[in-house]
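Secondary and tertiary structure notes
Here is what each chain is made of, one letter per residue.
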Amino acid sequence: MSSTVTSLDERTKEYGREIFARLNRQGPVLFTRAWVEDKLMGLGMHDPALKVQLFRFVDTLPYLKEPKEVARHLREYLNEAKDELPWWVRLGTKLIPDRGILGQGLAFASQKGAEQMARKFIAGSNVQEAVAAVHQMRTRRLAFTIDLLGEATITEVEADHVQKQYLDLLAGLTREVNDWPEEPTIDRDDRGPIPRVNVSVKLSALFSQFDPIDPAGTSRAVCRRLRPILSLAKQTGAFVNFDMEQHSFKDVTLQIFRDILTEPEFRDWPHVGIAIQAYLTDTEADLQALLAWARDVRKCPVWIRLVKGAYWDYETVVAAQNHWPVPVFTKKWQSDANFEKLTEFLLANVEWLVPAFGSHNIRSISHALAVAEKLGVPPRRYEFQMLYGMADPIKEAIQSLGHRVRIYTPYGQLLPGMAYLVRRLLENSSNDSFLRQGFAEGLAEELLLLDPNAHAAPPSHAAPTNHTEPMSHTEHAGTQNGHLPPARGAHAPRSPFANEPLTDFSVAASRTAMSAALDQVRKELGRTYPIVIDNKPQPVGAVLARENPSRKSEVLGKVGMATVDQANRAVASCLAAFDGWRDTPLAERTGLLRRLAEQFRKRRFELSAWIVLETGKPWRESDADVAEAIDFCEYYAIEMEKLGAPQARDVPGEDNRYFYEPRGVAVVIAPWNFPLAILAGMATAALVAGNTVVLKPAEQSGIIGAKLMECLQAAGAPPGVVNFLPGDGDVIGPPLVQHPDVALIAFTGSLKVALLINEQASKTPGGQNFVKKVIAEMGGKNAVIVDSDADLDEAVKGVVDSAFGYGGQKCSAGSRAIVLDGIYDQFLNRLVEATKSLAVKAADDPGCSLGPVIDAEARDRILKFIEAGKRESRLAHQTDLGALAEQGYFVPPTIFADVPEAAGVAQEEIFGPVLSVIRAKDLDDALRIANGTKYALTGGCYSRSPSHLEKVKRKFRVGNLYINRKCTGALVDRQPFGGFKLSGIGSKAGGPDYLLQFVLPRTITENQMRRGFAPETAPGE
Ligand SMILES: Cc1cc2nc3c(=O)[nH]c(=O)nc-3n(C[C@H](O)[C@H](O)[C@H](O)COP(=O)(O)OP(=O)(O)OC[C@H]3O[C@@H](n4cnc5c(N)ncnc54)[C@H](O)[C@@H]3O)c2cc1C
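Residues numbered from 1 in each chain as written. Predicted model: local features only at pLDDT ≥ 70, side-chain atom pairs only at ≥ 80, totals over all residues. Heavy atoms only, no water.

**Some details on the site of the ligand**
Our working rule: Residues are classed as near a molecule or strand on a simple rule: at least one heavy atom within 4 Å of it. A 3.5 Å cut-off defines polar contacts: any pair of N or O atoms within that distance qualifies, except that in protein one atom must be a possible hydrogen donor and the other a possible acceptor, and neighbouring residues in sequence count only when both atoms are side-chain atoms. Numbered from the N terminus, helices here are DSSP runs of H or I no shorter than four residues, and strands are runs of E no shorter than two. Note that Gly is not counted as nonpolar here; it falls among the polar residues with everything else outside the nonpolar set of Ala, Val, Leu, Ile, Met, Phe, Trp, Tyr, Cys and Pro and the charged set of Asp, Glu, Lys and Arg.
Around the ligand lies a shell of 31 residues, among which Gly309, Ser335, Ser359, Glu427 and Phe434 are the nearest. One nitrogen or oxygen atom from the main chain of Gly309 is found 2.6 Å from an oxygen atom belonging to the ligand. In this structure, His360 approaches the ligand through a main-chain N or O atom, which is 2.8 Å from an oxygen atom. At the level of elements, β6 (272-277), β7 (302-307), α14 (332-348) and β9 (383-387) are the ones that each hand at least two residues to the shell around the ligand. Counted by class, the shell around the ligand contains 12 nonpolar, 11 polar and 8 charged residues.

**Some words on the pattern of salt bridges**
In a structure, side chains of opposite charge can pair up when their charged atoms sit close to one another. Put simply, the rule reads: Whenever Lys or Arg places a side-chain nitrogen within 4 Å of a carboxyl oxygen from Asp or Glu, that contact is recorded as a salt bridge. We call a residue buried when its accessible area falls under 20% of the maximum for its residue type, exposed when it is over 50%, and partly exposed in between, using a 1.4 Å probe and counting protein chains only.
For the structure on display, the rule yields 75 salt bridges. A salt bridge links Asp565 to Arg569; the nearest nitrogen and oxygen atoms lie 3.8 Å apart. Residue Asp565 and its partner Arg569 are both found in helix α22 (residues 564-582); the two are separated by 4 residues, about one turn of the helix. The exposure class of Arg569 is partly exposed, given its relative accessible area of 37%. For Arg582, the salt bridge goes to Asp583, with nearest N and O atoms at 3.1 Å. Overlapping salt bridges, with partners in common, bring together Glu500, Glu598, Arg601, Arg604, Asp623 and Glu634 in one network.

**Some thoughts on the environment of Glu351**
Here Glu351 is to be found in the loop between α14 and β8 (353-358). Judged by relative accessible area, which is 47%, Glu351 ranks as partly exposed. Expressed as a C-alpha distance, the spacing of Glu351 and Val302, which sit 49 residues apart in the sequence, is 9.1 Å. Within polar-contact distance, the side chain of Glu351 engages the side chain of Arg381 at 3.3 Å.

**A word on the sheet that holds strand β11 (residues 527-529)**
The strands making up a sheet are joined through hydrogen bonds of the backbone, oriented either antiparallel or parallel. Which entries qualify depends on this criterion: A pair of strands counts as paired when DSSP detects no fewer than two bridges linking them. Axis geometry follows a simple rule: fit a line to the C-alpha atoms, using only the stretch in contact for helices, then measure angles between N-to-C directions, giving values from 0 to 180 degrees.
In space, the 3 strands of this open sheet follow the order β11-β15-β14, with mixed pairing throughout. What marks the edges here is a single partner per strand, and that holds for β11 and β14 (543-548). Strand after strand, the sheet turns through a mean of 40 degrees between neighbouring axes, direction not considered. By the bridge criterion, 6 bridges tie β14 to strand β15 (residues 551-560) in an arrangement that is antiparallel. Paired with Arg546 across the bridge in β15 is Gly557.

**Some words on the sheet that holds strand β30 (residues 960-963)**
Read from one edge of the open sheet, 7 strands run β25-β26-β27-β24-β23-β29-β30, paired in mixed fashion. Of all strands in the sheet, those bounded by a partner on one side alone are β25 (874-878) and β30. Strand after strand, the sheet turns through a mean of 20 degrees between neighbouring axes, direction not considered. With 5 bridges connecting them, strand β24 (residues 814-820) and strand β27 (residues 914-920) associate as parallel partners.

**Topic: the side chain of Ser945**
The cut-off we apply is this: Here, two residues are considered to be in contact whenever any of their heavy atoms come within 4.5 Å of each other.
Checked against the element boundaries, Ser945 lands in the loop between β29 (938-942) and α36 (946-955). In this structure Ser945 comes out as buried when scored by relative accessible area, which is 0%. Not counting residues up to four positions away in its chain, the partners in contact with Ser945 are Arg72, His73, Glu76, Asp787 and Asp789.

**So, the confidence of the model for the protein chain**
What counts here: Every residue gets a pLDDT, meaning the predictor's confidence in that residue, from 0 to 100.
Chain-level statistics for the protein chain give a pLDDT mean of 90 and a share of 91% at 70 or above. In this model, residues 26-36 is a region of pLDDT below 50 whose contacts with residues beyond four sequence positions or in other chains number 28 contacts. This stretch, residues 459-492, has a pLDDT under 50; its non-local contacts, to residues over four places away or in other chains, come to 63 contacts.

**Comments concerning helix α25 (residues 619-644)**
This is how the line gets drawn: A helix is expected to reach a length of 1.5 Å times the quantity of its residues less one.
The end-to-end C-alpha distance of α25 is 37 Å, a good match for the 38 Å that 26 residues give at a rise of 1.5 Å each. For α25, a buried count of 20 out of 26 residues is recorded, marking the element as mostly surrounded by other parts of the structure.

**Structural notes on the nonpolar core**
Rules: By nonpolar core we mean a set of buried residues, namely Ala, Val, Leu, Ile, Met, Phe, Trp, Tyr and Cys, connected to one another through side-chain atoms within 4.5 Å.
In this structure, Leu173, Leu290 and Ile394 are the most contacted members of the largest nonpolar core, which totals 123 residues. Looking at this core element by element, the count peaks at 8 residues for helix α10 (residues 215-236). With sequence-adjacent residues up to four places away left out, Ile394 is seen in contact with Leu23, His360, Ile362, Ile365, Met386, Leu435 and Phe439. Membership of the second largest hydrophobic core comes to 77 residues, among which are Val521, Leu596, Ile678 and Ala843.

**What about the pairing of β8?**
Inclusion rule: Here, the term right-handed applies to a crossover whose path from the first strand over the helix to the second runs clockwise when the strands point away from the viewer.
Of all 6 residues that make up β8, 6 are buried, and the element is covered over most of its length. Residues Leu353, Pro355 and Phe357 line one face of β8 and the alternating positions Val354, Ala356 and Gly358 line the opposite face, and both faces are buried. Relative to β8, β7 is paired through 5 bridges, and the arrangement is parallel. Bridging across to β8, Trp303 finds its partner in Val354. In the sheet, β8 pairs with β9 via 3 bridges, with the strands oriented parallel. Across the sheet, Ala356 pairs through a bridge with Glu383, a residue of β9. In this region the chain leaves β8, passes through helix α15 (residues 362-375) and returns to the parallel neighbour β9; the handedness of that crossover is right-handed.

**Here's the deal with the packing of aromatic side chains**
To be explicit about the condition: A pair of Phe, Tyr and Trp rings is counted when the ring centres sit within 6.5 Å of each other, with Trp represented by its six-membered ring. The angle between the planes then sorts it: under 30 degrees is stacked, over 60 is edge-to-face, the rest tilted.
Under the definition given, this model contains 18 aromatic pairs. With 6.0 Å between their ring centres and 45 degrees between their planes, Phe266 and Trp269 make a pair best called tilted. Trp269 carries the same exposure label as Phe266, and that label is buried. Geometrically, the ring pair formed by Phe505 and Trp619 is tilted, given 5.7 Å between the ring centres and 55 degrees between the ring planes. A residue pair is termed long-range when its members are at least 10 positions apart, and Phe505 in the loop between α20 (473-476) and α21 (508-523) and Trp619 in helix α25 qualify at 114 residues. In this structure, Phe505 and Trp619 share a single accessibility class: buried. A connected cluster of aromatic rings, assembled from ring pairs, spans Phe497, Phe632, Tyr635, Tyr636, Tyr994 and Phe998.

**Things to note about the pairing of strand β1 (residues 143-148)**
Here β1 lies mainly inside the structure; 6 of its 6 residues are buried. Neither face of β1 is exposed, since Ala143, Thr145 and Asp147 on one face and Phe144, Ile146 and Leu148 on the opposite face are all buried. Across 6 bridges, the pairing between β1 and strand β10 (residues 405-411) is parallel. Counted as the bridge partner of Asp147 is Pro410 from β10. Pairing analysis gives 2 bridges linking β1 to strand β4 (residues 198-201), with the strands arranged parallel. Considered in β4, the bridge of Asp147 is made with Ser200.

**Here's the deal with unusual backbone geometry**
Unlike most non-glycine residues, Phe911 shows phi in positive territory, near 60 degrees. Checked against the element boundaries, Phe911 lands in the loop between α34 (904-907) and β27. With a phi close to 50 degrees, Lys981 is a non-glycine residue in the positive phi region. Following the sequence through the fold, Lys981 ends up in strand β31 (residues 980-981). Given the relative accessible area of 41%, Lys981 is considered partly exposed.

**Some thoughts on the state of the cysteines**
Covalent bonding between the sulfur atoms of two cysteines is what defines a disulfide. The following threshold applies: Cysteine sulfur pairs qualify as disulfides if the two atoms are within 2.5 Å.
Inspection of every chain in the model, using the stated rule, returns 0 disulfides. Looking at the unpaired Cys300, the closest cysteine sulfur is the one in Cys223, lying at 17 Å. No disulfide involves Cys967; its sulfur sits 11 Å from the nearest other cysteine sulfur, which is in Cys811. Classification of Cys967 as buried rests on a relative accessible area of 0%.

**With respect to helix α12 (residues 283-298)**
As a reminder, the rule being used: Relevant arc is that of directions from the helix axis to the C-beta atoms, nothing else.
Among the residues of α12, those classed as buried are Thr283, Asp286, Leu287, Leu290, Leu291, Trp293, Ala294 and Arg298. One side of α12 holds all its buried residues, which, seen down the axis, span an arc of 165 degrees. Note on α12: the residue one or two positions beyond its end, Lys299, has a positive phi of about 60 degrees.

**Here we look at the packing of α25 against helix α26 (residues 677-688)**
Counted only if it meets this: Comment on the angle field: the value is read as roughly parallel under 35 degrees, roughly antiparallel over 145, roughly perpendicular from 65 to 115, and oblique elsewhere. We call a crossing left-handed when the near helix sits turned anticlockwise from the far one by less than a right angle, and right-handed when that turn is clockwise.
Running from N to C, α25 and α26 point in directions that differ by 15 degrees, and their axes come no closer than 8 Å. In terms of orientation, α25 and α26 fall into the roughly parallel class. Relative to α26, α25 is oriented so that their crossing is right-handed. Here Asp625, Glu628, Ala629, Phe632, Cys633, Tyr636, Ala637 and Met640 of α25 come into contact with α26, specifically with Ala677, Ala680, Gly681, Thr684, Ala685 and Val688.

Here's what the structure looks like:
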């Protein structure tokens, strides 16, 4: 270590000791009032299982209206973790009173307790209370920045309301605060007066469709609401800071920050800042870019609030779930070390990036003081910021050293404030928290003041490294804040299969690649895609023109339409290739699937672009379609390797082999709604099992079918093993299904066609010496139950996504919301507003949340359902389509409310953006309604009651049930997909039983005895 580094570290420690000397570490110093939170935090700190349950309880409390509901939830939460809880908590759980005076007392005490706890961190519920709080702070010579707490902005009305609240806040605050007598320690820096009023804004609150996939659209919408806020702040002499949220929002937040502050109106305005998170591995580059922009482009400084970051758990979990690189450091010391490195960067560039250090960590603060001193930065040029309700003695100690301390002061209603409260509770009780270690656990000062790089082991890792590898599943489990203990059974051996990561469209390179692919595909429009038999393109006869459903005028290409004769030739080709393919070694068949997956990977964006254009699927969902196709290839290859190993059941003198062989010629008839994934999934399952395949795509997605055939050929499918047979289902469907050489039909599509195929295939004409096998996945009339204690932010968003994702054209779509009486009106209001806020657009626009339906026939059929719906229930919302109605095949997102459970719109599968909302008396009633259709495909439930969820799991009889998330988006292996009743007659796609349907089991028994002797059988064979 060089002598300068040593002296900086020594000076840092001196500052640290000085700060420690100025505060009293005894007792509950984190908060001013100690009662409930100290008990709760104390319990939680020593018992992680209890912590999770208690925090969940706190989160749910504001929703609970009745005392008995409070008691029930508390009991249920504690019961859930009973195996991991200390004995005295288990005993206490039994004594929780349900009703009577004691029950009411408990409910009152819990609600008051939570409220008091919230009030420690939240300065008031309205502007007046917030003003009173900041006034009180000024008497202690503490500056403030005010933050408005709110629920997630999922509607445009809410975004307007947030804007209005900020405008009111600025007007109200500046009127009062600017009249207060000056307090030079906080109202001036080393060069003169600075704004007294300081507000913090979260940009995602200003636009309901805030989405990094569309930075330009997001920026436009946010800036429209932000501009008046900044104008008013500038006029009234206030300061505005942009908060930083999750990593996926970072780039668009930075872009908006730069764009709007380069506008002529704001470009010379220095009273703006942005939070930058040191726990991110890519922060240094962001600061370099901000410096270059402020110095060279804007030529006016901005403030940087340097924080470590508040979303560590979220970032690690989201990355693990998606198999994405983890954007945050994974060791606490790395975040601390990076904070110090960035501190040095900021203080060295203080002319352009004015630092505000947001930390309660005495080491981090002391380091900033030591660096500033070393660089000769005047103490009032920079400031420290801390959170309201936390670490008050540290605030006072820093202030007593002559530094400006600003308090981040949130205000707002308790209900929306809960998320903020729970974040603070988690932060304070985390094992790695400085405050916990320093105050609750009383770690020695010298340890707390240690250079973070000294924690690195081995020493060569002392500098923070770019830790962008995905974490292993065990690495993050329970590492920090309130992670659940692993689910029972989570330790079962993991499958060697891993899902293909979805594209992260918050990454600029992904968006560029997708735009480029769309441009490229547009250059290839107008081609003709022929039928392919024996790997040879067939002479083109009749063709079907394919148009873009988002823009009917755009013709994409033409696809050959097979004749009955060609269908017969395709089957004959398959039959001729069958014996050879059946006897091809398994490794070659699985090899074909793996090479196919590689083809998909290579052409990922191109295929997605074709899906966008031919089927009107938005970007993200088109990408998911290709990822799922890759998953099917990889998964079925692995599953077939398992099935392919013959099973032996030998006894002395007798060998027994049990094994599978393919059925024969398979006809694969696929729908257009997952144009690549379902077609590829059914085909690869058939192929890997050794069947030969007639590939019949839907008429509406013939080009994507042709692209699949190209990929199959490029992957080396031998002639005749797959024949590509696009055509009119009415013409070639029946001859294919009834063909005496076709052994298997794998179909996904409508109930009507599935039943017809089943009936036709059940006939066994003379000469056909086997019974055909039919695998059929049909529709659904899927319901999402919303319980009265559901988290409305989540439930509304989940129902909207389930109902309107890909225009409701997924068989998994949630087309019924069954809502409990207690929350019905509130839910419906937000649901309608959230639906109004959806961006109905052409699917190639990255900002599209809802595109067209597939074709004119679908549009007309859906519109007829809507007309019928108007006669049987109340139309709660229908979006106005404007010019889109003419441009493409668009159907307005439509919500019916108070729908009778037997109404057509509540019973028939519509396959369009139409949602029926049904009122239920209680959970039993909701379950009865949910199960009351002829389908059983998917279902969902939003509830925070463990006992209700338990009941839902037992009684909601569907193939795929989703709890507290949307009911679409099943992933191969993780959520094998398929239903029963009239939703399906096969077993689940992407699941362990699927391939069994494509094979026939055989047993061979060989007597090994020859005149009384037999070869030796090894034990266990
Ligand atoms: C005024 C102010 C404004 C803020 N604004 C924002 C904001 O806009 N956006 C935002 O995200 N946060 C913001 N924060 C929250 C802030 O990020 C946390 O309060 C802060 O991280 C706590 O850090 P500390 O230095 O006080 O405590 P410490 O205890 O030293 O650090 C805790 C932090 O270390 C990091 N960490 C914890 N475990 C690990 C691990 N295993 N590996 C790597 N890193 C780990 C996390 O960031 C955690 O919050 C703000 C805080 C303040 C004081």
